[in-house]
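# What the coordinates show
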Amino acid sequence: MEIFRTKSVEQSIQDAEGGTHRLERTLSALDLTVFGIGVIVGSGIFTLTGIAARNYAGPSVALSFVVAAVVCALAALCYAEFASTLPVAGSAYTFAYATIGEFPAWIIGWDLMLELALGAAVVSVGWSGYFVSVVESIGVTLPVVSIGGWTFNYLAVIVVLLLTWLLVTGIKMSARFNLVMVTVKVAVILLVIFAGLFFVNGANYTPFIPPAKSTAGASGLAAPLIQVLFGVTPTVFGVAGIFTAAAVVFFAYIGFDVVATAAEETRRPHRDLPIGIIASLGVCTVLYMAVSLVVVGMRHYSQLSVTAPLADAFKAAGQPWLAGVISVGGISGLTTVILILMLGQSRVFFAMSRDGLLPRELASVHPKYRTPYKITIIIGVVTAALAGFIPLSVLAEMVNIGTLFAFVVVSVGVVILRRTRPDLPRSFRMPLVPWLPALAVLACVYLMLNLAVETWVRFIVWMALGVVVYHLYSIRHSRVRSARRR
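Just so it is clear, the model here is predicted, and its values are computed rather than measured. Per chain, the residues get numbers from 1 upward, laid out in the order the sequence is written. At least 70 in pLDDT is required for a residue's local features to be given in this predicted model, at least 80 for side-chain atom pairs to be given and counted, and no such filter applies to totals for whole chains, interfaces and linings, which use all residues. Only hydrogens and water are set aside; all other atoms, that is, all heavy atoms of the structure, feed into the side-chain values.

The N-to-C vectors of helix α4 (residues 61-85) and helix α11 (residues 269-298) enclose an angle of 175°; their axes lie 9 Å apart at closest approach. For the element pair α4 / α11, the angle class is roughly antiparallel. Its residues placed into classes, the contact of α4 with α11 shows 22 nonpolar, four polar and no charged. The angle between two axes is taken between their N-to-C directions and runs from 0 to 180 degrees, where each axis is a line fitted to C-alpha atoms and a helix contributes only its stretch in contact. Each helix corresponds to a stretch of at least 4 residues labelled H or I by DSSP, and each strand to a stretch of at least 2 residues labelled E; elements are numbered beginning at the N terminus. Angle categories are assigned with fixed cut-offs, so that under 35 degrees is roughly parallel, over 145 is roughly antiparallel, 65 to 115 is roughly perpendicular, and the rest are oblique. Residue type decides the class: Asp, Glu, Lys and Arg count as charged, Ala, Val, Leu, Ile, Met, Phe, Trp, Tyr, Cys and Pro as nonpolar, and the leftover types, Gly among them, as polar.

On to helix α7 (residues 154-168). If you check α7, its first and last C-alpha atoms are 21 Å apart, about what 15 residues at 1.5 Å a residue would give, namely 21 Å. Partly exposed describes any residue whose relative accessible area lies between the buried limit of under 20% and the exposed limit of over 50%, with all areas from a 1.4 Å probe on protein chains only and scaled to the type maximum. Here α7 lies mainly inside the structure; eleven of its 15 residues are buried. Contact partners of the buried residues in α7: α6 (102-137), β1 (145-147), β2 (150-152), α8 (171-196), α13 (321-354) and α14 (373-389). Helix span, as expected, comes to 1.5 Å for every residue beyond the first. Residues count as neighbours in contact if any of their non-hydrogen atoms are within 4.5 Å of one another.

Attention now moves to the environment of Lys185. As for its placement among the helices and strands, Lys185 is situated in helix α8. Residue classification places Lys185 among the buried positions, given a relative accessible area of 1%. C-alpha of Lys185 to C-alpha of Gly42: the two residues are 143 residues apart in sequence and 8.8 Å apart in space. Setting aside chain neighbours within four positions, we find Lys185 in contact with Ile37, Gly38, Val41, Gly329, Ser332, Gly333 and Thr336.

For Phe, Tyr and Trp, rings pair up if their centres lie within 6.5 Å, where Trp contributes its six-membered ring, and each pair is then called stacked (planes under 30 degrees apart), edge-to-face (over 60) or tilted (otherwise). Under the definition given, this model contains 14 aromatic pairs. With centroids separated by 5.3 Å and ring planes inclined at 25°, the aromatic side chains of Phe65 and Tyr288 adopt a geometry described as stacked. Residue Phe65 is located in helix α4, and its partner Tyr288 is located in helix α11; the two are separated by 223 residues in the primary sequence. In this structure, Phe65 and Tyr288 share a single accessibility class: buried. Relative to Phe95, the ring of Tyr79 lies with its centre 6.1 Å away and its plane at 70°, an arrangement referred to as edge-to-face.

Right, let's talk about the side chain of Asp31 for a bit. One can find Asp31 in helix α2 (residues 29-40). Any pair of nitrogen or oxygen atoms within 3.5 Å is treated as a polar contact; in protein, a donor-acceptor pairing is required on top of that, and neighbouring residues in sequence qualify only through side-chain atoms on both sides. At a separation of 3.0 Å, a polar atom in the side chain of Asp31 contacts the main-chain amide nitrogen of Ser28. For Asp31, the side chain forms a polar contact with the side chain of Lys172, separated by 2.8 Å. Contact partners of Asp31, with chain neighbours within four places excluded, come to Thr26, Lys172 and Ala175.

Cis rather than trans, the peptide bond between Thr206 and Pro207 has omega equal to -5°. Mapped onto the elements, Pro207 comes out in the loop between α8 and β3 (213-214). Look at the link from Val433 to Pro434: it is a cis peptide, with omega at 10°. Structurally, the position occupied by Pro434 is in the loop between α15 (397-420) and α16 (435-449). With phi around 55°, Arg370 is a residue other than glycine that occupies positive phi space. Residue placement: Arg370 occurs in the loop between α13 and α14. At Leu432, a position not held by glycine, the phi torsion is positive, near 55°. Counting through the fold element by element, Leu432 comes out in the loop between α15 and α16. Judged by its relative accessible area of 58%, Leu432 falls in the exposed class.

This next bit is on the environment of Ser84. Residue placement: Ser84 occurs in helix α4. Among the residues examined, Ser84 registers a relative accessible area of 0% and is labelled buried. The sequence separation of Ser84 and Phe428 amounts to 344 residues, and the corresponding C-alpha distance is 6.3 Å. Ignoring any residue separated from it by four or fewer positions in sequence, one finds Ser84 in contact with Pro269, His270, Pro274, Ser427 and Phe428.

What follows concerns the nonpolar core. The definition of a nonpolar core used throughout is a set of buried Ala, Val, Leu, Ile, Met, Phe, Trp, Tyr and Cys residues joined through side-chain atoms within 4.5 Å. Among the nonpolar cores identified, the biggest contains 163 residues, and Tyr79, Tyr93, Phe250, Tyr253, Phe256 and Tyr288 are the most heavily contacted of them. Sort the elements by how many residues they give to this core and α13 lands first, with 17 residues. Filtering out sequence-adjacent residues up to four positions away, Tyr253 remains in contact with Ile40, Phe65, Ala68, Ala69, Cys72, Leu281, Thr285 and Tyr288.

Attention shifts here to the state of the cysteines. Disulfides are defined as cysteine sulfur pairs within 2.5 Å. As enumerated under the stated definition, the model contains zero disulfides in all. Not engaged in a disulfide, the cysteine Cys78 finds its nearest cysteine sulfur in Cys444; these two sulfurs lie 8.8 Å apart. Cys72 supplies the cysteine sulfur nearest to Cys444, a cysteine that is in no disulfide, at a spacing of 7.6 Å. Accessibility expressed as a relative area gives 0% for Cys444, which makes it buried.

Put into C-alpha cells, the structure is as follows:
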C-alpha cells in the first residue's frame, strides 16, 4: 500500500511557496481566461462543425455543442474546486497526489505527458499546413525538405522552438503574446459570425433534427469500444445523433484543464482560478454555438465540407475573400494552442520533478525569468522532433482519451478530498457533491467508450510503460517516501 501514500495539501502549498523551486505569481483572472480561450479555440471551430453536422446531427449540431459543454462544465467545476483549494502547479497530477495516492498521481502525470506533448506536436503540424495554405494563396511556394527519406516539417519545428523561447522568457510575456493572438482569432470568428448572418437561408434549418438512421459503422480495431462490448448499433441523426455528434465536438473543448496548471503563477488563485476555468469554457461555448448555427444556415448540412466548412460556405455565397481571413484566424488559433499545451506540460513536469518522481534537478527555476527553463527546453526539443519527423495523425485520438481519463480522476478526487479533509478552506465549492462528480465520471466514461478499440490498445500500452518507469525510478526517488522513512 506504500504506493498509495498521499502528499498533504499543506506540504504541497509549502513546496510552492518557498525554496529554490518557486515560480513567480503574476497572472490575473483575465490572463487565465484568455489562456483558456487560447487553448480551447483552435482549428476545431473551423472544421468540427462541418464534420458533426454533415455526418451526425444536421442543423441540431448546436445542441451537440451544448451537450459537450455540459459534460466539460461538470469536469470544470471539479477542477475549479481543486484549483482553488490546492493552488499548486501540476493540475490533475497534484490533485491525485493529495487524494488518491502517489502511484495514481504518477499515472495521471504520465497520462498528461502523452496528452499535452503529443497534442502540441499534432497541432504544430496542423499549424504548418495552415501557414503553407496562406503563403501559397499569395503566390509563394515553400520548399519541401527531406532528410534520409523522411519529410522534414521544418515549419512545425520553427514554430515550436520559437514558442519554447517565449515560454522560457517568462509567463507574463507569454500571457501578453497569447492575448494578442486570442484577440486576432476571436475577431476573425466574430467577423465570420456577423458576415455569415447576411447569407443565412432559413430553409436550411428544416428539419432541425433530421430523422434517425442506422449505419454499419466501423469494424475490427477501428470500431468504437462500446460497439464491440455491447453490440450497440451506431445511429446518426435524430436525438441519438445529437449525442453522437457531442462525442465528436467534445474534443473542441479540450484544454480548459490546462488553466489549472498555472495555479502556482496566479496572484489570487483562490478567486482567479475558478473564474478563469469557468469563464473561458462559457465564452467558447457561445462562440461554438454561434458559428455552428451560422454555417448550417448558410448551406444545407448535407452539402457542408468536412475539411473547411466555413471557408467553403463563404465561397459558395460568393465571398471567397473571407476564406483567407479564416485561414489567418486558424494560424493565430493554433499558435496559442501550441503555446498553452507546452506551458501546461512544463508545469506538470515541474511538479513531478519537484516531488522526485522525475529527476529533481529538472525543477530548476531560471534566476531571472522565474520559469522552469530546463523542463521547458526539453519539452520544446522533444515536441519539435515529434512534429518534424513523425506522422502523428493516427495517434491524435490518444490526446482525447488521455484528457477524459484525467477528467475522471479529478472528479473522483473531489469527492475523496471532501470526505478526507472537510476542514480545508474552499473558496469555490462544487455543488451537489457527490452527485455531480458522479455524473461527470459517467459522462466522461461514455465518451471514452465511443473511442476506437485501437486507441484503447495504444493507451493501455502507454500506461503499462508508465508503470514500469514508476517502479524502476520514481518510487525510489519520491520525496514523500524519503520523508516518511526518516
